[in-house]
Structures are given as structure tokens and as C-alpha cells.
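Structure assessment
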Amino acid sequence: MTISREIRLKSRPVGVPKVSDFDLATVELAAPGDGEIQVKNLWMSVDPYMRGRMYDRPSYVPPFQIGQALQGGAIGEVVASNDPDFKPGDIVNSMFGWREAFNANPKALAAAGMGAITKIDTQGVPPQAFLGVAGMPGMTAYVGLLKIAALKDGDVVFVSAAAGAVGSIVCQIAKLKGHTVIGSAGGPEKVAFLKSIGVDHVIDYKATPDVVAELAKAAPKGIDVYFENVGGVHLEAALNSARPFARFALCGMISQYNETGKAEGPSNIILAVGKSLRLEGFIVSNHYDLYPQFAKDMGEWIKAGKITWKETVEEGVERAPDAFIKLFSGENMGKMLVKLGEFPPRSWA
């Protein structure tokens, strides 16, 4: 038997999630059965979209169930295998995060459309990068900027949550392609990071009382592209500064994820009509036909030293709820990760 700890949803959060909304449970894993592999997780991801799965309501992904282990991206190592396509030592990507280890039948999962378990050839890239810059957040940036916003020569690009896992990659891809980039982030450390990766103008939304006015100063001739991660006043600022026919890639609106009442919309949404704007929401999983090109381009950029990234790391599966909660107060720089593996068990907070 293998002993594994996992995080389960104890109650559906009201407003900002609390540690008390989660449970730490210990389970016993038998040896893998026919066609199964056993994986020891090394890294797991926490992402803002997971907040939507904690509501008991329809969404583009099914809700997490009370009393069951949560799910999310994870990188692990195969430790035992009864599948000829996997061998001990293989590094794999799965959606079996929020736990230290698991058994699964890769072929049965794929056939049922329940999420593939894939081997990773890291090629010198740290394995956890496949949860960030080389994984879903990086591809989200790539798809949103190049396909949804349809980046064009000479565009001025505005990015909210620009120091986050997605936003920081959006900024760098836009700079690689020769564009003027304006980023919004909170606090001097994030401002300094964005300047270090070449962002032309940085708005510290925590230091200014008026994001709308600051964006107007940073882009006196207006913006052509807005990559939306925040909503609220940032969307209002983008609408105000948008040039005619500007394109908005709506990736997320983290300012509204924990709303318990009626969220306020931007007061100037009518500008989308008069300016002939295109606002398009997108889910990256609907665009996996672009993955081969993304992997090729991102791999080349990383090898050439043209892309950099930041990680904020908590250690131990018991810290996963804390890591997740910190996303909503902006405490992460770049990708928020939980490192699993050989750590002495800590008490459950």
C-alpha cells in the first residue's frame, strides 16, 4: 500500500475561499491494477478558474463535489506501471492535482474523454514549467493574443494582471513581436518585474486612485488590444482608451470570482458600440488544435532566452488551499505552484 494525502472540498465557499472550506485526507493506494499506472506527484497547480468549479452551478467545467478530492494540473513521476506505454521514471502531466499520488488507467481515461495523462520530454526545461509558461497559462497567452485578439502590426497592447502567469507571457509575446505594451499590476515588486521584461508603461493599480486616467496618460492615442484578466475598473479603462475597431480578448475577470451580490458592470460599455469594438471571450481548451505551433514557438523562445517567468511556490499538499486563496489577494508573482514530494508532513492549519 502507498499512503497519499489529498485535499477535498469540505464546503462551498461564500465569497473569498477560506482554509476551513477544505479538508486534508489520507488515503491508501493499492498496487496499480491491469492497465494502470501509479504516479507520485511532484508539482501541482492552483489557478483562478478553479474558483468557478467550487460553485454548484452550470459552467464550462463540472463543479467539484463536496467530500471528493479536487482536481487540477499536476506534474508527476511514474513509480509503478502496468501499461506498456509508461515506465517508472517517466515524467507525466495530468489533471490529478491536489493529491500526493494516484492510480489511473491512461487509456481508459482518454477513451472516456476524462483528460489524458501525457509523458513530457522536458528537454532541459524545469518540469513545473509545463504547468506555467510551457503549459496551459502559456498557451492561454498565446491563443488569446495571437488568435482571439488577432495581433496586428503597430498595435498598442494593454494587459491587466500583467505580472501573473498568463499576463506576463502576454506582455513578452507582444514585445517579441515589436509592439508597445502597457501592463497593470499591484505593488512595486511587480512593477519592477514588468519593467525588467521590457513592458513600456506599467500602471501600479494599488498606488493610483484612477486606473482610467493612468491608462489614458500611458496611451494618449489609445489602445488596439486589451487582454482582460481582471474586469471591473480595468475593463472600464480599456473601453475608455480603445481606438475604433480595437479587439478585446476576454480571458478572465478575477475581480468578480468571489462576488456574493450583483457584480457591477463597466459604466461605459456603450462605447463598444460607437467604437465598433470586438469583445470575445475564450476558453483555451477549445483551441488545442494550436498546441503544436504553440509548443514549437514557445520552445524556441525559451531556448533562445527570449522568455522569462516567475514562480511563487508553497511546499506540501497541505499548503494547497493557502496557495489557492492567495491568488485572490494578488500575492503571487507569476505562476502559483505547490511543490510536493519529499517534505515532512506538516500539521493541518
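Counting restarts for each chain, with residues numbered from 1 along the sequence as it is written. Local features in this predicted model are restricted to residues of pLDDT 70 or higher, and side-chain atom pairs are both shown and tallied only at a pLDDT of 80 or more, whereas totals for entire chains, interfaces and linings draw on every residue. In computing side-chain values, all of the structure's heavy atoms are included and hydrogens and water are not.

Notes on the nonpolar core
In terms of nonpolar packing, the biggest core is built from 45 residues, with L145, V159, L194 and M298 touching the most fellow members. A run of H or I in DSSP becomes a helix once it reaches four residues, and a run of E becomes a strand once it reaches two; helices and strands are each numbered from the N terminus. Broken down by secondary-structure element, the contributors of at least two residues to this core are α2 (136–148), β8 (156–159), α3 (167–176), β9 (180–185), α4 (188–196), β11 (223–228) and α8 (291–303). In this description, contact between two residues means that some pair of their heavy atoms is separated by no more than 4.5 Å. With residues up to four places along the chain from it excluded, the contact list for V159 reads G167, V170, C171, V181, I182, G183, S184, F227 and N229. To qualify as a nonpolar core, a set must consist of buried Ala, Val, Leu, Ile, Met, Phe, Trp, Tyr and Cys residues joined through side-chain atoms within 4.5 Å. Here the term buried applies to any residue with accessible area under 20% of the maximum for its type, exposed to any over 50%, and partly exposed to those in between, with areas from a 1.4 Å probe on protein chains only. One finds L215, A218, I223 and A272 within the second-largest nonpolar core, a separate group that totals 21 residues.

Looking at empty space enclosed by the protein
Where empty space is left can be seen by rolling a probe of water-molecule size over the atoms. Put simply, the grid is 1 Å and covers the protein atoms alone, a cavity is a trapped set of points that fit a 1.4 Å probe, a pocket is an open set with protein on both sides within 12 Å along at least five of seven lines, and lining residues have an atom within 4 Å of a point. Grid points are joined across faces, edges and corners, and a volume is the space filled by probe spheres set on the points. Scanning the entire structure with this criterion turns up one cavity of 30 Å³ or more. Of the pockets and cavities examined, the largest cavity occupies roughly 80 Å³. Classifying every residue of the lining of the largest cavity gives six nonpolar, five polar and three charged. Residue type decides the class: Asp, Glu, Lys and Arg count as charged, Ala, Val, Leu, Ile, Met, Phe, Trp, Tyr, Cys and Pro as nonpolar, and the leftover types, Gly among them, as polar.

Side note on the packing of aromatic side chains
Geometry of an aromatic ring pair is reported as the spacing of the ring centres plus the angle between the planes. Between the rings of Phe, Tyr and Trp (Trp by its six-membered ring), a pair exists once the centres lie within 6.5 Å; its type follows the angle of the planes, with under 30 degrees stacked, over 60 edge-to-face, and the other angles tilted. Per the counting criterion, the structure on display carries twelve aromatic pairs. Pairing Y142 with F294 gives two aromatic rings, centres 5.5 Å apart and planes at 65 degrees, and the pair type is edge-to-face. Residue Y142 is located in helix α2, and its partner F294 is located in helix α8; the two are separated by 152 residues in the primary sequence. Exposure remark for Y142: the relative accessible area of 6% places this residue in the buried category. Judged by its relative accessible area of 1%, F294 falls in the buried class. Between Y142 and W301, the aromatic rings sit 6.3 Å apart at their centres with planes inclined by 50 degrees, giving tilted as the arrangement. Taken together, the residues span a long stretch of sequence, with Y142 in helix α2 and W301 in helix α8 at a distance of 159 residues. W301 carries the same exposure label as Y142, and that label is buried.

So, the side chain of T140
Relative to the elements of secondary structure, T140 occurs in helix α2. When residues no more than four places from it in sequence are discounted, the contact partners of T140 are V166, F227, C251, F282 and V284.

Digging into the pattern of salt bridges
Whenever a carboxyl oxygen of Asp or Glu lies within 4 Å of a side-chain nitrogen of Lys or Arg, that contact is scored as a salt bridge. Applying the stated criterion across every chain, the model contains 17 salt bridges. K335 is paired through a salt bridge with D47; the nearest N and O atoms lie 3.1 Å apart. A residue pair is termed long-range when its members are at least 10 positions apart, and K335 in strand β15 (residues 335–339) and D47 in the loop between β3 (37–45) and β4 (74–81) qualify at 288 residues. In this pair, the class of K335 matches that of D47, namely buried. Each of the salt bridges in this network shares a partner with another, and the network as a whole consists of E314, R319, D322 and K326.

With respect to the side chain of D47
Classification of D47 as buried rests on a relative accessible area of 7%. Once residues lying within four places of it in the same chain are set aside, the contact partners of D47 are M136, F324, L327 and K335.

Some words on unusual backbone geometry
At A150, a position not held by glycine, the phi torsion is positive, near 50 degrees. Take A150: it is sitting in the loop between α2 and β8. By relative accessible area, which is 27% here, A150 ends up partly exposed. Phi is positive for A161, close to 50 degrees, though the residue is something other than glycine. Looking at the element boundaries, A161 is found in the loop between β8 and α3.

Here's the deal with the packing of helix α5 (residues 211–218) against helix α6 (residues 233–241)
Axes here mean lines fitted to C-alpha atoms, for a helix over just the part in contact, with angles spanning 0 to 180 degrees between N-to-C directions. At a minimum axis distance of 8 Å, the contact between α5 and α6 shows a crossing angle of 40 degrees. Of the possible angle classes, the one that applies to α5 and α6 is oblique. The element α5 and its partner α6 pack so that their crossing is right-handed. Packed against α5, whose contacting residues are V211, V212, L215 and A216, the element α6 presents V233, H234, E236, A237, A238, N240 and S241 at the interface. Note that the term roughly parallel is reserved for angles under 35 degrees, roughly antiparallel for angles over 145, roughly perpendicular for angles of 65 to 115, and oblique for everything else. In a left-handed crossing the near helix is turned counterclockwise from the far helix by less than a right angle, and in a right-handed crossing that turn is clockwise.

Quick word on the environment of Q256
Mapped onto the elements, Q256 comes out in the loop between β12 (242–250) and α7 (271–274). Owing to a relative accessible area of 29%, Q256 belongs among the partly exposed residues under this scheme. Separated by 241 residues in sequence, Q256 and G15 have C-alpha atoms that sit 9.8 Å apart. In contact with Q256, other than residues within four places in its own chain, are G232, A263 and E264.

With respect to the layout of surface pockets
Estimates place the volume of the second largest pocket at around 260 Å³. D121, Q123, F130, A295 and G299 are, among the 14 residues lining the second largest pocket, the residues nearest its centre. Split by residue class, the lining of the second largest pocket holds eight nonpolar, three polar and three charged.

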